[in-house]
Structure formats: C-alpha cells, structure tokens
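Structure assessment
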2 protein chains.
Amino acid sequence: MTILGDWGTTRLRLFRLEGGAVVDRLVGPGIGQITSSPAATFAATIAPWQAAARGGGVLLCGMAGSRNGVVEAPYASCPADPAAWAGATQSVEIDGIRVTIAPGLSGANFAGRADVMRGEETQIFGAVALDPALAQGRHLLVLPGTHSKWVELIDGRVARFHTFMTGEMFALLRDHSTLGRAGADVAGRDEGFVDGLARAGTGLLASLFEARAAQLIEGRSHGWAMGLMSGLLIGGEFAEALALAGDAPDKITLIGDPALSDIYAQAAAAHGLATVRLDGDACVIAGLRRLAAHLTSTEAGSGEA
Amino acid sequence: MTILGDWGTTRLRLFRLEGGAVVDRLVGPGIGQITSSPAATFAATIAPWQAAARGGGVLLCGMAGSRNGVVEAPYASCPADPAAWAGATQSVEIDGIRVTIAPGLSGANFAGRADVMRGEETQIFGAVALDPALAQGRHLLVLPGTHSKWVELIDGRVARFHTFMTGEMFALLRDHSTLGRAGADVAGRDEGFVDGLARAGTGLLASLFEARAAQLIEGRSHGWAMGLMSGLLIGGEFAEALALAGDAPDKITLIGDPALSDIYAQAAAAHGLATVRLDGDACVIAGLRRLAAHLTSTEAGSGEA
C-alpha cells in the first residue's frame, strides 16, 4: 500500500508515499464533521488519487474504525504488540478501493478501569520504529491532546495506558465557561501558566475559580487567567498521572505537535522529568508504514521480522 | 424595608413581606440575561409594586452589586460579620425607588488564594439567624451550586471560604463535551453516582474519561455515565475541600435546594460526615431580613443588638 491515512474526529488526512517518503497529501472532513456517509466522504476526498487507490488499496487509522466510521474495527486488547494490532484490522471496499482500517486499543487503565484509544496506537508503534531505544525495557510515553494518553510501553508492547480529559477540559473552560471569554488577550499568559503549574496540587475544582477571583481582586489579566487554567490542567494531569503510574521513570517520551509538546515539556521539567520528543505526524506515518509492512508480510505468509 | 430581593445571574426574585412572612413574589430576568440596562429591567419587574417600593425602598443581594449589575458594591473583607457586611452596602435611586445593594465577600480561600462570593453571604448570615447553634464556635457550611462554596464560620463570622467549580463543570461536561449528549436517559444514574463517589480519589482528569470508555467496553448506560460524572465531581469536591479545610468538624451544614442537598448529603455520608440541612430560599430571606434590620437600626443610631 502506498496510500496511508489518519481519519480523526476533526479531519481526514491522506498521505501518498514513494520510496518511504510522503510525496503528496489530501485533506477532508473529520468523522465528527461529515455531512454525508463516511464512505461517500472518503470517495470524494480520495477522488484525485482514484486510480492509484484502486490499484494498491488504502490503509486508515483513527476514528475511521469507530462506530460512526467506515466500518467498526473492534479494539485490540492490551498488552498489545504490532502483530496483535495488525491481526485485528478490518477491510471494506469503497468505490472499487480496498480500504483497510486499523483497530484501536482497549485495556485497563492505571487505576484498573476500562480505557480506549483510536489513532494514538499508530503513533506509539510508529515511535518505536523511529526511536529503537523504545523497543526494549519500560518507557512512559505521553501523547498530549484533547484526550491525553499516558502509555506504559514494555519491550515495545503497549502494556497499559490511561486517558486524561485535559485538552477537552481546557476547550470547555475557554469556550463555554464563566472563566473564558472571546478575544485573544495573551498578555501575562506565560506567567499564568507557570503559576498554574505551581498551584496544581490542591485539586482542579478547588483551584480553577482563582482564574476569576484573581482578575476581580488582584487585577490579573485575562491572558494570565487563561495561562493559569492551562497550567492547573496540565500540572494536574502530571500530578494525577505520576501518582497513578507508580514507579515512574526519570524521563518521558512526548509525542505530539511542537507547540503542545513545548508546554508539556515545561510541565515535565517542573516534575523533574527529562523529555525525549517525537513529532506526532512523523509517528503517524511511521506507524502506518509499519502496519502496512505487517499486513504485506502476513499476506505473503510470514510475520514481521 | 418590606421588599427584599435576590438578583442572581439567572433570575431576579423579589419578595414582599408582611409581619416577617413572604406574602407575594415577582420574578424577572437574571443579571446574565438582561437585554436592557439593569435599572430599566429592575423598574419593569417591580412595576406592580411601584407604590410600596417608592414608599419603603428595596434591598437586593447577589449579582445586583457586581460590575454588570445596578451599581458596583465592593466586596466586604473576611473575616466578616453582619455589621461589616451591612456597612458596605451601596444605595442608588431607580425610578423614584431607593435601592440598597448588599456587597459580596472577598478573602483568602483555604489555600490562601483570592476568592469572592456574591449572594451566598446572605444565605450564610440568614442560616445563623435560623439556626442559633451556628452563632457560637466553629462550623463548616457547604452551599452547593454552580460555584459551590465551603465556608468556615467562627462565632457567627465568615472566617474564610473556598469556591469549587463543581456545578459549572458538570453543566459544561453534560452540555458541551464528548461525554454528554442530548436526551434524559436516567436509567442507572443512581448507581453511577455511587460508583463515581467511590472512584473520586484518583483525580478528576484521570477519572472522567471512564464515563465514555465504560459505555464502549462494558455496555454501561448513558444514565450511568452521567451519574458517574456527577459522583466523580461531587466526590472530588469533598476530597479536595476536606484536605484543604484541615481540621474538619464531624458534621457540615448544607444550605441549598432540597434535590441538590440530597446528593451532597450522600457524598457527606460517604466521607463519614453528618449533615444539618437548611433550605436555601429560607436562608436568603432570613439573611435579607437580618440585613434590613441592621440597616434600620444603624439609621436609628444603634447597631444590631
């Protein structure tokens, strides 16, 4: 397969590869935004590459495999390695194109409760391909985002993971709460973020209202208050995650976009953790390539080397 | 004054008293909902009682004294007793009616950070009037709501208080998040609430996503998930508040509407706390009457007995 894609909630991204490198891209609506069926949306988006897609098929990860996606791909169970993951793919034909859908992962989180992911597993297995040091021993990976994932990787397998509602909570507070407000007054934001990291220990419900009270009483800026909220949330995520993870390593691997990774690295430093950073897009593509190689080798009758 | 009122964010409620009892009520839009000026909205709402209002004046508490209200009444500082509170009222004339506005309170919260309230102080001082046991010694009062307040009362004075974003957070999650959904499927809600109370210890960001994962993996109902979120939030509020309050008493006084007080009493019981319950409306009216008596006696040249 030379066409790979990541179909998330907010967008569909298709990559065309030649010799292992991305040579072209297409973008379409996310699973959460489509107005026609997933199949019709997919066919319309891939139309410019139709001939190549019909010839070689397409591999998709992310929400494409959810109940609202192209076809439901049940979660592979943790602990999961790339072979188990590849073994749970689902295929369907759309407009003469064979579309293979990667499953997500399910398992018990750090607190022993049910948890799920769709899409991040591709980045995780891609990260192991990009950074061979991750293939051996125990590592803690953090994928910041709407639903941040903390992942315990043991010898290249996803042993367990835990979802934090951090990014979604920040968007809710910014866009819909009495603490948020239209307008991008960013003055004081960096200072607020540092203050938020420092104050995250008292609990989220107990600390968020300070974003309002400090504006009323201490004349703090709206930008400072937004930074404070961000610091309280991300600092809270680190405090909760490290308490749950138990025996935490002295470094974490951050997988995500550079701006978000910057602020997570700041939070990690505040907790005395070193960081290794991998680009989220590079990990998606590496993970899809790894999955495609698995599927090809399986069809050829042998497992991944 | 025989006309008293509570002008909050969501509604204006006016009470007409005779012999200490409420004999009539009027309702108008909240400060957060008015489309004309606060003064014009007030004049239109009170029109049916205009003659009485012009004769005796009106006393208002709540958001009427905020920056977006009738006239800004700066916060009285904690520790605050009714005399200090009454001393910080502001008066203004609207349509020939003398309107007196109660201030809110400000102070350092349980974590030593700035905090504010507007309206709850009226219920608190009203509660002391209704339950004389509160006038002596140290008591912990809890006023559940959009912004829940935990109040340390010492000898009838508000020593300090702490705001928790619990009610607003629940509304954000229910109305705007990926965890909420339209429709009132309440099956399993009570069970979810109890599960949420029990699981609140791991932190809010770490536990909320289970509301989604348990529906996908364990077949839990949407009602159970909503109950879980409520239990995680209220249980989280109790865990954070009791850790911050330090030397917590073995009972708390709950001030609020009966339905919300029911579920807070359940959370209190889960933490081994007994509860004394006072009706929120009765406390508002008792607090306004107490403030009116203070103002009358001050005008006559003497303080409250």
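Anyway, here's the lowdown on the structure attached to this text. Computed from a prediction, not measured in an experiment: that's the story for all the values here.

Time to look at helix H10 (residues 258-270) of chain A. All names here are of chain A. In this model, H10 (13 residues) spans 18 Å end to end at C-alpha, consistent with the 18 Å of a helix rising 1.5 Å per residue. Looking at H10, one finds that the buried residues are Ser261, Tyr264, Ala265, Ala267 and Ala268. One face of H10 carries all of its buried residues, which in axial projection span an arc of 160°. Away from its buried face by more than 90 degrees, H10 exposes Ala259, Ala269 and Ala270. Measuring from the side-chain oxygen of the N-cap residue of H10 to the backbone nitrogen of Ala259 gives 3.0 Å; that N-cap residue is Asp257. Note on H10: the residue one or two positions beyond its end, Gly272, has a positive phi of about 75°.

Next up on the list: the packing of helix H5 (residues 166-176) of chain A against helix H9 (residues 222-245) of chain A. Residues and elements named next belong to chain A. Contact geometry for H5 and H9: axes closest at 10 Å, N-to-C directions at 155°. When the interaxial angle is binned, H5 and H9 end up roughly antiparallel. The hand of the H5/H9 crossing is right-handed. Of the residues in H9, those in contact with Thr166, Met169, Phe170, Leu173 and Arg174 of H5 are Met226, Met229, Ser230, Leu233, Ile234 and Glu237. Broken down by class, the residue content of the contact of H5 with H9 amounts to 7 nonpolar, 2 polar and 2 charged.

Turning our eyes to something else, we now look at the relation of the copies chain A and chain B. Aligned on chain B, chain A shows an RMSD of 0.0 Å; the corresponding rotation is 180° and the shift along the axis is 0.0 Å. Taken together, the rotation angle and the small translation identify this as a two-fold axis. Among all residues of chain A, the minimum C-alpha distance to the rotation axis is found for A:Leu172, at 3.2 Å.

Another point: the pairing of strand E14 (residues 274-279) of chain B. All names here are of chain B. As judged from the 6 bridges shared by strand E13 (residues 251-256) and E14, these two strands associate in the parallel manner. Residue Ile252 lies in a different strand from E14, and its bridge partner there is Thr275. With respect to chirality, the unit in which E13 leads through helix H10 (residues 258-270) into the neighbouring parallel E14 is right-handed.

What the rule picks out here adds up to 1 cavity of 30 Å³ or more. As a volume, the largest cavity reaches approximately 30 Å³. A:Asn109, A:Ala114, A:Asp115, A:His162, A:Thr163, B:Ala206, B:Phe209 and B:Glu210 are the residues that line the largest cavity.

Taken residue by residue, the interface counts 43 residues in chain A and 43 residues in chain B. Where chain A abuts chain B, roughly 3700 Å² becomes buried across the two surfaces, and 70% of that area is made up of carbon and sulfur atoms. Considering only the side of chain A, the residues that lose the most area to chain B are A:Met165, A:Leu205 and A:Phe209, jointly responsible for 21% of the buried surface there. Applying the counting criterion to the chain A and chain B interface returns 0 salt bridges. Our count for the chain A to chain B interface comes out at 15 residue pairs in polar contact (both at pLDDT 80 or more). Taken together, the residues of the side of chain A that touches chain B sort by class into 21 nonpolar, 11 polar and 11 charged.

This next bit is on the pairing of strand E4 (residues 58-62) of chain A. Residue and element names in this part refer to chain A. Taking burial as the measure, the 5 residues of E4 include 5 buried ones, the bulk of the element. Judged from the 5 bridges that link them, strand E1 (residues 3-7) and E4 form a sheet pairing that is parallel. Bridging across to E4, Trp7 finds its partner in Gly62. In terms of strand pairing, E4 meets strand E7 (residues 97-101) through 3 bridges, oriented parallel. Counted as the bridge partner of Leu59 is Thr100 from E7.

The pairing of strands in a sheet happens through backbone hydrogen bonds and is either parallel or antiparallel. Ordered in space as E5-E8-E9 (chain A), the 3 strands form an open sheet in which the pairing is mixed. Since the sheet does not close on itself, it has two edges, and those belong to strand E5 (76-77) and strand E9 (114-117) of chain A, each with one partner. The pairing of E5(A) with strand E8 (residues 105-108) of chain A spans 2 bridges and is parallel. Bridge pairing in E8(A) places A:Ser77 opposite A:Ser106. Here helix H8 (residues 210-218) of chain B sits on the sheet in contact with E8 and E9 of chain A, set at roughly 90° to E9(A).

Moving on: the packing of helix H4 (residues 120-130) of chain A against helix H11 (residues 280-299) of chain A. Residue and element names in this part refer to chain A. Closest axis-to-axis distance for the H4/H11 pair is 7 Å, and the angle between their directions is 90°. It follows from the interaxial angle that H4 and H11 lie roughly perpendicular. Counting all contacts with H4, which are made through Thr122, Gln123, Phe125, Gly126, Ala127, Val128, Ala129 and Leu130, the residues of H11 involved are Gly280, Ala282, Cys283, Val284, Ala286, Gly287, Leu288 and Arg290. Tallied by class, the residues present in the contact of H4 with H11 amount to 10 nonpolar, 5 polar and 1 charged.

Applying the stated criterion across every chain yields a total of 25 salt bridges over all chains. Linking B:Arg54 and B:Asp95 is a salt bridge whose minimum nitrogen-to-oxygen distance equals 3.1 Å. Of this pair, B:Arg54 sits in helix H2 (residues 50-56) while B:Asp95 sits in the loop between strand E6 (90-94) and strand E7 (97-101), placing them 41 residues apart in sequence. Of the residues examined, B:Arg54 reaches a relative accessible area of 41% and is grouped as partly exposed. One salt bridge in this structure joins B:Glu152 and B:Arg138, with 2.6 Å as the shortest N-O distance. One end of the pair, B:Glu152, is in strand E11 (residues 148-154); the other, B:Arg138, is in strand E10 (residues 138-143), and 14 residues separate them in sequence. Classification of B:Arg138 as partly exposed rests on a relative accessible area of 30%. The structure contains a network of salt bridges with shared partners spanning A:Glu191, A:Asp195, A:Glu218 and A:Arg220.

Mapped onto the elements of the fold, B:Thr89 is located in the loop between helix H3 (82-87) and E6. Within polar-contact distance, the side chain of B:Thr89 engages the backbone oxygen of B:Ala86 at 3.0 Å.

If you look at soluble globular proteins, the nonpolar side chains tend to sit buried side by side. Residues A:Leu173, A:Phe238, B:Leu173 and B:Phe238 are the most contacted members of the largest nonpolar core, which totals 87 residues. Looking at which domains feed residues into this core, each of domain 1 (3-132 + 285-299) and domain 2 (165-272) of chain B gives three or more. Each residue touching B:Phe238, except ones within four places of it in the same chain, is listed here: B:Trp150, B:Ile252, B:Tyr264, B:Ala267, B:Ala268, B:His271 and B:Leu273.

You can see A:Leu204 is positioned in helix H7 (residues 204-207). Accessibility expressed as a relative area gives 7% for A:Leu204, which makes it buried. Each C-alpha atom of the pair A:Leu204 and A:Gly236 lies 6.9 Å from the other, and the pair is 32 residues apart in sequence. If we ignore the near neighbours within four places in the chain, the residues touching A:Leu204 are A:Leu232, A:Leu233, B:Leu204, B:Leu205 and B:Glu240.

Rules of the game
Going along each chain's sequence as written, the residues are numbered from 1 onward. To label them, take the chains in the order written and letter them from A, then take the ligands in the order written and number them from 1. Confidence filtering applies because this is a predicted model: local features only for residues at pLDDT of at least 70, side-chain atom pairs given and counted only at 80 or more, and all residues used for totals across whole chains, interfaces and linings. Note: side-chain values were computed over all heavy atoms of the structure, leaving out hydrogens and water. The helix count covers DSSP runs of H or I at least four residues long, the strand count covers runs of E at least two residues long, and both are numbered beginning at the N terminus. To estimate the expected span of a helix, subtract one from its residue number and multiply by 1.5 Å. To sort residues, take the accessible area from a 1.4 Å probe on protein chains only and compare it with the maximum for the residue type: under 20% means buried, over 50% means exposed, and anything in between is partly exposed. In this description, one arc is meant: the one made by directions from the helix axis to the C-beta atoms. For the purposes of these results, a polar contact is taken to be a pair of N or O atoms within 3.5 Å, where, inside protein, one atom must be able to donate a hydrogen and its partner to accept one; residues adjacent in sequence count only when each atom of the pair is a side-chain atom. An axis is simply a line fitted to the C-alpha atoms; with a helix, the fit covers only the stretch in contact. Between two such axes, the angle follows the N-to-C directions and lies from 0 to 180 degrees. Note on angle classes: values under 35 degrees are labelled roughly parallel, values over 145 roughly antiparallel, values of 65 to 115 roughly perpendicular, and the remainder oblique. Note: crossing handedness is left-handed where the near helix turns anticlockwise from the far helix by less than a right angle, and right-handed where it turns clockwise. Any two residues whose heavy atoms approach within 4.5 Å are treated as being in contact. Charged residues are taken to be Asp, Glu, Lys and Arg, nonpolar residues to be Ala, Val, Leu, Ile, Met, Phe, Trp, Tyr, Cys and Pro, and polar residues to be all remaining types, Gly included. When the copies are superposed, the least-squares fit takes in the C-alpha atoms of residues with a pLDDT of at least 70 in both. Note on pairing: DSSP must find at least two bridges between two strands before they are called paired. Here is how to tell: hold the view so the strands point away, follow the path from the first strand over the helix to the second, and if it runs clockwise the crossover is right-handed. Each cavity reported here is a set of points on a 1 Å grid over the protein atoms alone in which a 1.4 Å probe fits but cannot get out, each pocket an open set with protein on both sides within 12 Å along at least five of seven lines, and each lining residue one with an atom within 4 Å of a point. Grid points are joined across faces, edges and corners, and a volume is the space filled by probe spheres set on the points. Buried area is a sum: the accessible area each of two parts loses on coming together, probed at 1.4 Å, counted once for each and added. A side-chain nitrogen of Lys or Arg and a carboxyl oxygen of Asp or Glu constitute a salt bridge if their distance falls within 4 Å. To define a nonpolar core, start from buried Ala, Val, Leu, Ile, Met, Phe, Trp, Tyr and Cys residues and group those joined through side-chain atoms within 4.5 Å. Each domain's extent is set by a domain assignment, obtained either automatically or from a database.

In short, geometric facts, not functional conclusions.
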